[in-house]
Every structure is written in structure tokens, then in C-alpha cells.
Amino acid sequence: QVQLVESGGGLVQAGGSLRLSCAASGRSFIMGWFRQTPGKEREFVAAIRWSNGGTYYGGSVKGRFTVSIENAQNMMYLQMNSLKPEDTAVYFCAATHRSAVVVGLERSYDYWGQGTQVTVSP
């Protein structure tokens, strides 16, 4: 069982930056970020493999967001730059012990955090 706690959300103006953090109670194989707005399904944002640091990004955030991990403290981060109003969402941290998964699918992950709100004003 892995417990995940997100932090770092808030209100920022368009063009600004935020860094989200996800504290994990234990090590997993892959960790990811998803986001969700009311009435919509969760959207894949980014993922990273603990074993080799390999990263994956959703098309709408590629080039603006960076996912990273800090091994010693079981932390994952999402650096979000050049934020746009359409990035407004609740951002969720996720993890899985499985290695052979499609990282962009919600069902690939076994553990989820409670979410943190990110609001980008025009």
C-alpha cells in the first residue's frame, strides 16, 4: 500500500509557474500526474519511472511541464511553466507497482492522492 499526498496547488496568473509536490509513503515502479475538471474524465499529464527516470508527457503540456523525482525522500514533483487558463484543474498524483502498463491510462495506477487545485487566471 502506498499513500500519496499532493501539495503546491494554488492560484496563478497566465504565463506564471507553479510546482506541485507528491509525497509517497513508499517506493513504486511508476508515478504519474493526472488532472481533472468538473464533468470530464481525468487527463494524463506526466509520468516517471523510478528505475531509470524515464519520463512521459501528455500532448497538451509537453514542453511546458517537467516531472521529476527525488529518490531519497520518495518525492515526485511537477514543475509547471507558461501556465494557461486551460491548465486549471484538480491535479492528482498516482502510483503503481506494475511495470508493464500504459502510463497514460488512469486504470494503470493503483494508488491515488486526494488532489490539489490549480487555478490559472487569464
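Everything here concerns the structure above.
We now turn to the structure provided with this report. Computed from a prediction, not measured in an experiment: that's the story for all the values here.

1. Re the environment of G63
At step 1: The topology assignment puts G63 in the loop between β6 (55–57) and β7 (65–70).
At step 2: A relative accessible area of 80% places G63 in the exposed class.
At step 3: Distance from G63 to A23, taken between C-alpha atoms, is 24 Å for residues 40 residues apart in sequence.

2. A closer look at the nonpolar core
Most often, soluble globular proteins keep nonpolar side chains buried together rather than apart.
At step 1: Grouped together as the largest cluster of nonpolar side chains are 27 residues, with contacts concentrated most on L4, M31, W33, L78, M80 and Y91.
At step 2: Mapped onto this core, the elements with two or more residues apiece are β3 (18–24), β4 (30–36), β5 (43–49), β7, β8 (75–80), β9 (89–96) and β11 (116–121).
At step 3: Not counting chain neighbours up to four residues away, the residues in contact with Y91 comprise E6, L20, F34, R35, V45, F65, L78, M80, G115, T116 and V118.
At step 4: With eight residues, the next largest nonpolar core counts F34, A47, V103 and Y109 among its residues.

3. Re the sheet that holds strand β1 (residues 4–7)
At step 1: Spatial ordering of the open sheet is given by β1-β3-β8-β7, a layout of four strands whose pairing is antiparallel. Of all the strands in the sheet, just β1 and β7 have a single pairing partner and so form its edges. Strand-to-strand, the axes of this sheet are offset by a mean angle of 15°, without reference to chain direction.
At step 2: Bridge count for β1 against β3 is four bridges, and the pairing is antiparallel. Residue pairing across strands places V5 opposite A23, the latter belonging to β3.

4. Brief notes about the packing of aromatic side chains
At step 1: By the definition in use, this model includes four aromatic pairs.
At step 2: Summarising the aromatic geometry, the rings of F34 and F44 are spaced 5.6 Å apart at their centres and angled 65° between planes, so their arrangement reads as edge-to-face. Of the two residues, F34 is situated in strand β4 and F44 in strand β5; the sequence distance between them amounts to 10 residues. There is no split in this pair, since F34 and F44 are both buried.
At step 3: Both rings, one in F34 and one in Y109, keep their centres 5.3 Å apart while their planes meet at 80°; by these two values the pair is edge-to-face. Of this pair, F34 sits in strand β4 while Y109 sits in the loop between β9 and β10 (111–112), and the two are 75 residues apart along the sequence.
At step 4: What makes F34 buried here is its relative accessible area of 1%.

5. A few points about the state of the cysteines
At step 1: Taken as a whole and judged by the stated rule, the model has one disulfide.
At step 2: Shown here is the disulfide that connects C22 with C93, its sulfur atoms set 1.9 Å apart. The S-S bond linking C22 to C93 shows a torsion near -65°; that makes this disulfide left-handed. You can see C22 sitting in strand β3 and its partner C93 sitting in strand β9, a full 71 residues away along the chain. Here C22 matches C93 in class, with each residue buried.

Cut-offs and rules
Residues numbered from 1 in each chain as written. Predicted model: local features only at pLDDT ≥ 70, side-chain atom pairs only at ≥ 80, totals over all residues. Heavy atoms only, no water. Helix = DSSP H or I, 4+ residues; strand = E, 2+ residues; numbered from the N terminus. Buried < 20%, exposed > 50% of the residue type's maximum accessible area, 1.4 Å probe, protein only. Core = buried A, V, L, I, M, F, W, Y, C linked by side-chain atoms within 4.5 Å. Contact = heavy atoms within 4.5 Å. Pairing = 2+ DSSP bridges. Axes fitted to C-alpha atoms, helices over the stretch in contact; angles between N-to-C directions. Phe/Tyr/Trp six-rings, centres within 6.5 Å; stacked < 30°, edge-to-face > 60°. Disulfide = S-S within 2.5 Å.

Interpretation in functional terms is not warranted from these geometric data alone.
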